[in-house]
Amino acid sequence: MKQLAIILTLLLSINATAQTDQEVVKTIYSQSLTNGKAYQWLDHLSNQIGGRLSGSTNAEKAVQYTKQELEKLGLDKVWLQEVMVPKWERGAKEVAHFTTQNNTFNVNICALGGSVATSKKGLEATVIEVKSFEELATLGTKVKGKIVFFNGAMNPELIHTFEAYGGCSKQRYAGAYEAGKLGAVGVIVRSLNLRQDDLPHTGSMSYMDLPNNQRVPSAAISTNDANKLSQALKKDVNLKFYFKQSCQQFEDVLSYNVIGEITGSQFPDEYMVVGGHLDSWDLGDGSHDDGAGVVQSMDVIRLLKESGIKPKRTIRVVLFMNEENGLRGGKKYAEEAKRKNENHVFALESDSGGFSPRGFSFDCSEAALNKVLSWQSLFKPYLIHYFEKGYSGADIGPLKNDHIVMAGLRPDSQRYFDHHHAANDTFDAVNKRELELGAATMTSLVYLFDKYGTSNIPQVKEFKD
């Protein structure tokens, strides 16, 4: 009888813990959906400030605005962390057309971030189409004096659209490097977009170690126009393509990561980070990439306070500068953390848009993931079901060590690349409720990791009568 009593007491204790966690998570979601601030903050970032390319005036405005908003939350500490960032400007709107059989067709392009400009008169040459670096290599010097058109499309069969993006993003990033080595005079890259539309999508590119005389202008072309150009080349391999862009690279400038923290009540020297990147490309206002992640991360720390949670560990929100074209903010934060010998045990990033949350991907040990899976029942009422090993995030990546648990919020990604790095990445494309659900989902995960730590996590079980 004594043994039975002990077992019953233990079961009731575990059940009470589960119920308590369920109630806390419910409170977090309720606070976010009825009293959230993420959408309000995003409205200001997007509509009052706009695109926030590193080194720009708008990026500086975003730094000051988010710092002021974090200070209003009554955190234990808010500060700016200096970081030198690249400064690249697009210049005048790009123009392009191709001419075939005495007919001229205007096309939609945009310079890729980091590209050099064409001459003031623009660049005109014949075009050679390829769909991979392997195909380019077989052509060799045949591309000399030509514009290389990389027409590798994102694979529509892949349900995980970030896999499709990863499958061809190297053409955008290194296309000018590979073509420039072979003597090409320019590069046009199919936009990384699963949708057929007229919007070119920018993004970072690099010349790596190419000498200046081999650095050729590089631009993205919309998916509709990429299809038109490809079809025209089948009929006329000698068609002429013209484009003009006036972008410019400047010397590095001073900018900042924005950081706020709540000091842990029991383990103040164990740091948990939640964040997104404050910079964005300049074509739209950066609402999904990554204004959504910024305001969700800010709301995590506010929702913890509003829900009456007093963290055991120190919780930091970090708004990283320069993810898009340099990752300087993420590298600087990790460098300073190492210099100060700070023990980071958990990091969560939101950089996949403000769509409905589906769950998280984790970069951690198998044992840690198995423990996290025991929390699934807490998330089930909110339709959060995706808990898998995988990529966490670019900005938190430099923090990786042998014990940290790293996670990335995984929203539904089917529409993300419709907006990614394009002019339609704007506030009107973000749904308020979806954004708030994401903030609540992130806060719940932070709460659980703070309560139970990143090791020896007890399993949360449901008990039925």
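A short tour of the structure in this document, coming up. (Residues numbered from 1 in each chain as written. Predicted model: local features only at pLDDT ≥ 70, side-chain atom pairs only at ≥ 80, totals over all residues. Heavy atoms only, no water.)

## Details of the overall build of the chain
(1) Moving on: Secondary structure summary: the chain contains 12 helices and 16 strands in total.
(2) Moving on: Its C-alpha atoms give the chain a radius of gyration of 24 Å, near enough to 23 Å, the size a compact globule of 465 residues would have.
(3) Moving on: Along the first, second and third principal axes, the C-alpha atoms of the chain reach 95 × 45 × 40 Å.
(4) Moving on: Across the 465 residues that make up the chain, the buried fraction comes to 57%.
(5) Moving on: Element-wise, carbon and sulfur atoms account for 50% of the exposed surface of the chain, whose accessible area totals about 20100 Å².
(6) Moving on: With 52 positive and 55 negative side-chain charges, the chain shows a spacing of 1 Å between the two charge centroids. (Helix = DSSP H or I, 4+ residues; strand = E, 2+ residues; numbered from the N terminus. Rg over C-alpha atoms; globule rule 2.2 N^0.38 Å. Buried < 20%, exposed > 50% of the residue type's maximum accessible area, 1.4 Å probe, protein only. Areas by Shrake-Rupley, 256 points an atom, 1.4 Å probe, with all protein chains shown as cover. Lys, Arg positive; Asp, Glu negative; His and termini not counted. Charge placed at Lys NZ, Arg CZ, Asp CG, Glu CD.)

## Quick word on the state of the cysteines
(1) Moving on: Applying the stated criterion to the full structure yields zero disulfides.
(2) Moving on: Free cysteine: C168, not disulfide-bonded; nearest cysteine sulfur from C110 at 15 Å.
(3) Moving on: We classify C168 as buried; its relative accessible area is 4%.
(4) Moving on: C110 provides the cysteine sulfur closest to C247, a residue in no disulfide bond, and the two sulfurs are 10 Å apart.
(5) Moving on: By relative accessible area, C247 is classed as buried at 5%. (Disulfide = S-S within 2.5 Å.)

## Side note on the sheet that holds strand β1 (residues 77–89)
Sheet strands line up and pair through hydrogen bonds in the backbone, either parallel or antiparallel.
(1) Moving on: Spatial strand order, β1-β10-β12-β11-β13-β16-β14-β15: eight strands in an open sheet with mixed pairing. Single-partner strands in this sheet number two, and they are β1 and β15 (386–389). Averaged over all adjacent pairs, the angle separating strand axes in this sheet is 20°, with direction ignored.
(2) Moving on: Strands β1, β10 (248–262) and β12 (313–320) of the sheet are contacted by helix α3 (residues 57–72), whose axis makes an angle of about 5° with β10.
(3) Moving on: Sheet strands touched by helix α12 (residues 432–452): β11 (267–277), β12, β13 (343–349), β14 (357–363) and β16 (405–411). Its angle to β14, the strand with the most contacts, is close to 40°. (Pairing = 2+ DSSP bridges. Axes fitted to C-alpha atoms, helices over the stretch in contact; angles between N-to-C directions. Contact = heavy atoms within 4.5 Å.)

## Focus on the packing of aromatic side chains
(1) Moving on: For the structure shown, the criterion picks out 19 aromatic pairs.
(2) Moving on: Note on F162 and Y416: the rings are 5.3 Å apart at their centroids and 25° apart in plane angle, and the pair reads as stacked. One end of the pair, F162, is in helix α5 (residues 161–181); the other, Y416, is in helix α11 (residues 416–419), and 254 residues separate them in sequence.
(3) Moving on: Looking at F162, the relative accessible area reads 33%, which means it is partly exposed.
(4) Moving on: Taking the relative accessible area as the measure of exposure, Y416 reaches 2% and is therefore buried. (Phe/Tyr/Trp six-rings, centres within 6.5 Å; stacked < 30°, edge-to-face > 60°.)

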